[in-house]
Amino acid sequence: MASRPKITCDKTEIVFFDTSGKRARVVNLTYDKIVSIQFDNSSVKKLFGLKTVPSEKISITVRGASNPLVLFEADEKEYWEQYKKEVSAFCKDNRVSFHNNLKA
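The text that follows walks through the structure, step by step, so that each part is easy to find. Values in this document were obtained by computation on a predicted structure and should not be read as measured data.

**Notes on the overall build of the protein**
Step number 1: Tallying secondary structure elements over the protein gives one helix and seven strands in all.
Step number 2: Its helices and strands in sequence order give the protein the pattern β-β-β-β-β-β-α-β, from N to C terminus.
Step number 3: Taking the principal axes of its C-alpha atoms as reference, the protein extends roughly 40 × 35 × 30 Å.
Step number 4: The proportion of buried residues among the 104 residues of the protein is 34%.
Step number 5: Here the contacts in the protein between residues at least 6 apart in sequence split such that 48% fall between residues at least 24 apart.
Step number 6: A total of about 7,300 Å² of accessible surface is found on the protein, and carbon and sulfur atoms cover 49% of it.
Step number 7: Where the 18 positive side-chain charges of the protein centre and where its 13 negative ones centre are 5 Å apart.

Structure below.
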């Protein structure tokens, strides 16, 4: 089964496919709902929590939500570079606060 991208950027909207809860949901985020987007280095537990691997992550802080929407590179390697390029361009075009904390 082919995987689908979890982040899709439109001109003024990001569509985020959130699989973090019990049920998957699609979140439509217009630029005015997004407080900030941040790229960070992180780590993710794999193999039933026995192994920790380094990973990059994208965090989208949404107005009115208690927790940010997070996506890890370890789970999305196929589309990761596309996500980073599209999200950074979206932030620039729509004047959304953007922080790239990745080591160059």
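Alright, that's what it looks like, and here's the rest.
**Description of the packing of aromatic side chains**
Step number 1: Counted by the stated rule, this structure contains three aromatic pairs.
Step number 2: The rings of Y79, W80 and Y83 are connected pair by pair, giving a single aromatic cluster.
Step number 3: A cation sits over an aromatic face here: R4 above F17, 5.6 Å from the ring centre.

**Digging into the pairing of strand β6 (residues 69-72)**
Step number 1: Only one face of β6 is covered, namely the face carrying L69 and L71; the face carrying V70 and F72 is uncovered.
Step number 2: With four bridges connecting them, strand β5 (residues 51-62) and β6 associate as antiparallel partners. Bridge pairing links S59 to V70 in β6.
Step number 3: Taken together, β5 and the strand that follows it, β6, pair antiparallel across an intervening segment of six residues, in which G64 is found at a positive phi of about 90°.

**A look at the layout of surface pockets**
Step number 1: Of the voids in this model, the largest pocket is the one considered here, and its volume is about 220 Å³.
Step number 2: Taken together, 15 residues line the largest pocket, and the ones lying closest to its centre are D18, T19, S20, V70 and L71.
Step number 3: Those elements giving two or more residues to the lining of the largest pocket turn out to be β2 (13-18) and β6.
Step number 4: Top contributing element to the lining of the largest pocket by residue count: β6, with four residues.
Step number 5: Looking at the lining of the largest pocket residue by residue, the classes come out as seven nonpolar, three polar and five charged.

**Regarding the sheet that holds β2**
Strand pairs in the sheet, formed through backbone hydrogen bonds, run parallel or antiparallel to each other.
Step number 1: Taken in spatial order, the three strands of this open sheet run β1-β2-β3, and their pairing is antiparallel. Sheet topology places β1 (7-9) and β3 (25-30) at the edges, where each strand pairs with a single neighbour. Mean inter-strand twist for the sheet, computed between neighbouring axes without regard to direction, equals 15°.
Step number 2: Two elements, β1 and β2, share three bridges in a ladder whose sense is antiparallel. Directly across from I7, in β2, lies its bridge partner F16.
Step number 3: Along the sheet, helix α1 (residues 80-94) contacts β1 and β2; its crossing angle with β1, the most-contacted strand, is approximately 40°.

So, how was this worked out
Residues numbered from 1 in each chain as written. Predicted model: local features only at pLDDT ≥ 70, side-chain atom pairs only at ≥ 80, totals over all residues. Heavy atoms only, no water. Helix = DSSP H or I, 4+ residues; strand = E, 2+ residues; numbered from the N terminus. Buried < 20%, exposed > 50% of the residue type's maximum accessible area, 1.4 Å probe, protein only. Contact = heavy atoms within 4.5 Å. Areas by Shrake-Rupley, 256 points an atom, 1.4 Å probe, with all protein chains shown as cover. Lys, Arg positive; Asp, Glu negative; His and termini not counted. Charge placed at Lys NZ, Arg CZ, Asp CG, Glu CD. Phe/Tyr/Trp six-rings, centres within 6.5 Å; stacked < 30°, edge-to-face > 60°. Lys NZ or Arg CZ within 6 Å of the ring centre and 35° of its normal. Pairing = 2+ DSSP bridges. 1 Å grid on protein atoms, 1.4 Å probe; cavity = no way out; pocket = protein on both sides within 12 Å on 5 of 7 lines; lining within 4 Å. Points joined across faces, edges and corners; volume = space filled by probe spheres on them. Nonpolar A, V, L, I, M, F, W, Y, C, P; charged D, E, K, R; others polar. Axes fitted to C-alpha atoms, helices over the stretch in contact; angles between N-to-C directions.

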